[in-house]
Every structure is written in structure tokens, then in C-alpha cells.
Amino acid sequence: MYKNLIVGSDSVVNLENGNEVHYINFDNAATTPPFKAVINSMVDFAPYYSSVHRGSGYKSILSSQVYDKARDEILDFVNGNKDYHTVIFLKNTTDCINKLSYRLQNTLKDKIVLTTYMEHHSNMLPWRNKYNVDYVDVDSSGRLIIDDLEEKLKNYHGNVGLVCVTAASNVTGFINPIHQIANLAHNYGARILVDGAQGIAHMPIDMKDIDTSEHIDFLAFSAHKMYAPFGIGALVAPKDIFTEGAPEYVGGGAIEFVSIDDVIWANPPEKEEAGTPNLMGVVALTESIKMLKSIGMKRIDAYEKELISYAIKSLINIPNLFIYDDFDVDKKVSILSFNMNGLTHYQLAEILGKEGGIAIRNGCFCAQPYVQKLLNINESDIKKYRNCPKTMQPGMVRISLGLYNDYNEIDLLVYLLNKISNNIPYYQNKYRNLPLD
């Protein structure tokens, strides 16, 4: 629908047989290609690029203004509160969540952190080595069990300090009811962190008024999943969380005063952004937000739901294909994971790439506990796979659509999957260099 807005959307690649085809990118959940406007904004700003918060020259002052103004752009995009929230620029969502996990250690001392089985490793692992962690379960389809969340909040008798949940799964695309979860968390004295990485470019995310019980306390997301892939992420958080204490990562720009014996830290957010900041990444992120707003997040959401609905209706009729989904399109973003009987996920991914020029992702998508649940892998088998090479481990094939994908691309995927399904022994033999089990 919006191909003309995207860099590389008309790329041509060579197949294994030497034929040239238009490249089909169905791996947007990993990284999106950039908007042309994002690249242009960086080129246009490059002549004025200079140090941030470090110089008195015109270019440095301008660079500092652009960098600082970007925080307001982000707060406006997610309906944050400029008086209450701060925006900390880091490398990506993983960096943001790790930052928060360190800075909450005093606040969450002796408290329970609840995360879920459907989380990306980045919203699971940072909490494990610092806190007592428990996991909210998912049902057989992979949907979060809200009743299990409430039961755990209740059973811990107000001792849960934080609930960590993804806005949308990077495996199934399932959308979590973040405001309902926020309301539950706040009712039991906990705060909520939303990992917005898989939702931020696909649907509106509203942090809501801080006076309501449905408001989001912490939000993290990455530019490289919203058409500005240049190593920048944003953590939106209450300012008071970062007022006291020392940052875990220190250096230039994070201080007001240093002597051999003493240090006075800067106020947040500068306190949490040691080192020379990624100004060009911020320029890119800001422009991507402007583009998304100009298109309209509700329009993007509606179009992508039409796309994924079309894909599901076509894919469910393919023999030997098993889709891990409950097909409730209204409650998911444009992600779909599946396997084909007779082929490993590695084989199927290689076939789609080499014989169709279709870029997808296979494996566990940095969400192994969730995939293990969806595949019904028992504990003894999980231990067995622990020391296996990745090519021997179970997984899935994932397609993830963006605003620039179209129906013709889906038709080509369906055509090739039908072709593969109708001649599995041929493809098993051709791609036998990859392990079958």
C-alpha cells in the first residue's frame, strides 16, 4: 500500500536457479526497512550535525535543540505526560529494559517481578538475576491468561512490584490488553512495564492519563522496528525513578560535577545517557514518528489486519501446514508463525529464501519459553535440546508484515508453500543437508 515510501521496496535478488525476482520482505518483526523520508531527513540534517550539550557554536546549539525536542515528539506520540515522564534514549528496547532493571533495584527491593511466558528474552532475562521472578501463564493458543495474572497478584498479597508484559507477541502477534493489565497491577500496588517493540509501528499505543488506573508506567521501544533502523531506542518512564542514585553506566554527559573525591550526577534524563548520544538515530526516529502519524496509526492497524486476515484465509487451506494461531485477527498484529509437516523450520525457511526470494525468520525468535509452550515440548525434551546445535532445536517459521507489504506478495508466498507442500519428498531430498530432526 505504501511501497513508494520505503527504501529498497523495489529490490531485485537472484534465486538459486539464477532467475531474478522482486525481493519480498516478510521479516519486519526483526527489523523494518527505513522510510525514504527518514534517510532524507538524515541527509538534510547532516550539514548541521554536531555535538549535543557540549558546544557553544551554532551547529552544536541546533543539534542540542533537535535532540531535546525529540523527547516531546515521543511523548506526544504515545500520549505521555511532559511534566511527569522523561524519555531516555538508549540503543534499543533490550537496552531500555536492562537499564530499568538496574535502576529499579532499590524501588523493588524484596518485591516480586511478574513477567510472562510469552515475553521476548529481553523482557525476561534482565529481571532474573536481580529479583524474585514469577511467570504469568498462557493458554493452549498462546494467549495470556489474565485470570492467572490476577491470581498471582492476589496470592502475593501486594508484594508484586512490577508487571512486565509485551504489547504484542513477536511470535504470534497476539495483542495483550495492556490497560486492563495496568488496572489490575495498580489495584494490587504494582507498576507496569510495556515492551512496545512489536506494537509501536502497527497500532496506536496510549500511555493514558497518569490519574487513571489504566495508565502505563514504563514503555520501551526501538526505532529499528518502526522504519528508522539506526540503533536508537526510547524508554518512557516517571522522572522520579531516575532522580536518586547513581546510573549503572557512567561517563561524560551524565554529571554536573566531578572531583577526585566526589561526583554530582546530572538530572534525568541526561544522567542516564552517558557518552556522546546518537543524534542521527534520534533524527531518524523523530522523522519515522512524523511519517507514522501522517499516515495514521489507526489506518496502518486496519490495513495490516486486512493483510493478515487475507494471509490466514489463504494459508489455512495449504496441506501439511500447521499455523500457531487462534485466528482472532482483531486481537493481533500482522505476525503469523507456522510449520510444515515433513520439513524442519530451517529447511522451509531456506526454500522460501532460495526459491522465492521471500525473507522470513525461523527458529524461536528470542522467545524460547513461549515457543516451547506452543510446540508442547515437555521438560525432559527441553533438557535434551539444551545442548543441541540450533539447527537441531525445534522452532517455527514466521512471517511478519509491514505497512508496505501487499496482497500480491502474500499470493506468491501461498503459491510457493502450496508447491512445496505438494512435493515434500522432493524438497526433503534437495535440502537434506539440513538436519530433519
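The written sequence of each chain sets the order in which its residues are numbered from 1. Thresholds applied to this predicted model are a pLDDT of at least 70 for local features of residues and 80 or more for the giving and counting of side-chain atom pairs; totals over whole chains, interfaces and linings are not thresholded and use all residues. Remark: hydrogens and water are excluded; side-chain values derive from all non-hydrogen atoms of the structure.

Q: Would you mind going over the overall build of the protein chain with me for this structure?
A: Helix and strand definitions here come from DSSP, where helices need a minimum of 4 consecutive H or I residues and strands a minimum of 2 consecutive E residues; each element is numbered from the N-terminal end. Across its full length, the protein chain holds 13 helices and 17 strands. For a compact globule the rule gives 2.2 Å times the number of residues to the power 0.38, and the radius of gyration it is set against comes from C-alpha atoms. For the protein chain, whose C-alpha radius of gyration is 23 Å, the value lies close to the compact-globule estimate of 22 Å for 437 residues. Seen through its principal axes, the protein chain has C-alpha atoms that stretch 70 × 55 × 40 Å. A buried classification covers 54% of the 437 residues belonging to the protein chain. Accessible area for the protein chain stands at about 19100 Å²; split by element, carbon and sulfur atoms hold 49% of it. Only four residue types enter the charge count: Lys and Arg as positive, Asp and Glu as negative, with His and the chain ends excluded. All charge positions are set by atom: Lys at NZ, Arg at CZ, Asp at CG, Glu at CD. Charge centroids of the protein chain, computed over 41 positive and 51 negative side chains, lie 3 Å from each other. For the exposure calls, accessible area comes from a 1.4 Å probe over protein chains only, and a residue counts as buried if that area is under 20% of its type's maximum, exposed if over 50%, partly exposed in between. Per-residue accessibility takes into account occlusion by the displayed protein chains alone, with areas from the Shrake-Rupley method and a 1.4 Å probe.

Q: Help me out: how do you make sense of the sheet that holds strand 6 (residues 132-136) in this one?
A: Here the rule is simple: two strands pair whenever DSSP picks up at least two bridges between them. Strands sit in the order 4-10-9-8-7-5-6 across an open sheet of seven strands; the sheet is mixed. In this open sheet, the two strands that pair with only one neighbour each are strand 4 (85-90) and strand 6. The mean inter-strand angle of the sheet, taken between neighbouring strand axes irrespective of direction, is 20°. Where helix 2 (residues 58-78) meets the sheet, it contacts strand 4, strand 9 (218-222) and strand 10 (233-238), and its direction lies at approximately 115° from that of strand 4. Contacting strand 7 (160-166) and strand 8 (191-195), helix 6 (residues 178-187) runs over the sheet at an angle of about 155° to strand 8. With axes taken as lines fitted to C-alpha atoms, and helix axes fitted only over the stretch in contact, angles between N-to-C directions fall between 0 and 180 degrees. Should any heavy atoms of two residues lie within 4.5 Å, those residues are considered in contact.

Q: In this structure, what is going on with the pattern of salt bridges? I would like to understand it.
A: When the charged atoms of two side chains with opposite charge come close together, those side chains can pair. Basic side-chain nitrogens of Lys or Arg form a salt bridge, by our definition, when they fall within 4 Å of a carboxyl oxygen of Asp or Glu. For the coordinates displayed, the defined rule picks out 19 salt bridges. Residues glutamate 16 and lysine 430 are paired through a salt bridge, measuring 3.6 Å at the closest nitrogen-oxygen approach. Separated by 414 residues along the polypeptide, glutamate 16 in the loop between strand 1 (12-14) and strand 2 (20-22) and lysine 430 in helix 13 (residues 424-430) bring together distant segments of the chain. Of the residues examined, lysine 430 reaches a relative accessible area of 34% and is grouped as partly exposed. Here lysine 430 ties to glutamate 355 by a salt bridge, and the two come within 2.7 Å at their closest N and O atoms. Of this pair, lysine 430 sits in helix 13 while glutamate 355 sits in helix 9 (residues 345-356), and the two are 75 residues apart along the sequence. Where salt bridges share partners, they join Lys99, Arg103, Glu248 and Glu272 into one cluster.

Q: Would you mind going over the side chain of glutamate 304 with me for this structure?
A: Mapped onto the secondary structure, glutamate 304 falls in helix 8 (residues 297-315). For the buried residue glutamate 304, which engages in no salt bridge, the nearest side chain bearing the opposite charge is lysine 305, 7.5 Å off. Any pair of N or O atoms that falls within 3.5 Å is considered a polar contact. Within protein, one atom must be able to donate a hydrogen and the other to accept it, and sequence-neighbouring residues count only if both atoms are side-chain atoms. Here leucine 403 takes part through its backbone nitrogen, which lies 3.0 Å from a polar atom of the side chain of glutamate 304. When near neighbours in sequence (up to four residues on either side) are disregarded, glutamate 304 contacts Ala201, His202, Tyr227, Ser334, Leu401, Gly402 and Leu403.

Q: Help me understand the pairing of strand 17 (residues 396-400), please; the structure alone is not making it clear to me.
A: Note on strand geometry: in a regular strand, side chains alternate between the two faces of the sheet. Across the five residues of strand 17, five count as buried, placing the element largely inside the fold. Neither face of strand 17 is left uncovered, since the one carrying Met396, Arg398 and Ser400 and the one carrying Val397 and Ile399 both have all their residues buried. Where strand 14 (residues 335-340) lies against strand 17, four bridges are found, and the strand directions are antiparallel. Note that in strand 17 the partner of serine 337 across the bridge is arginine 398. Where strand 16 (residues 361-363) and strand 17 come together, three bridges link them in antiparallel fashion. Residue pairing for strand 17: arginine 361 is matched across the bridge by arginine 398.

Q: What is the right way to look at a nonpolar patch on the surface in this model?
A: Candidates for patches are residues over 30% relative accessible area with no salt bridge; among them, like charges are joined within 9 Å and nonpolar side chains (Val, Leu, Ile, Met, Phe, Trp, Tyr) within 5 Å. The grouping of Ile255, Val258 and Val263 at the surface amounts to a nonpolar patch, some 200 Å² of accessible area in total. Tracing the chain through its elements places isoleucine 255 in strand 11 (residues 255-258).

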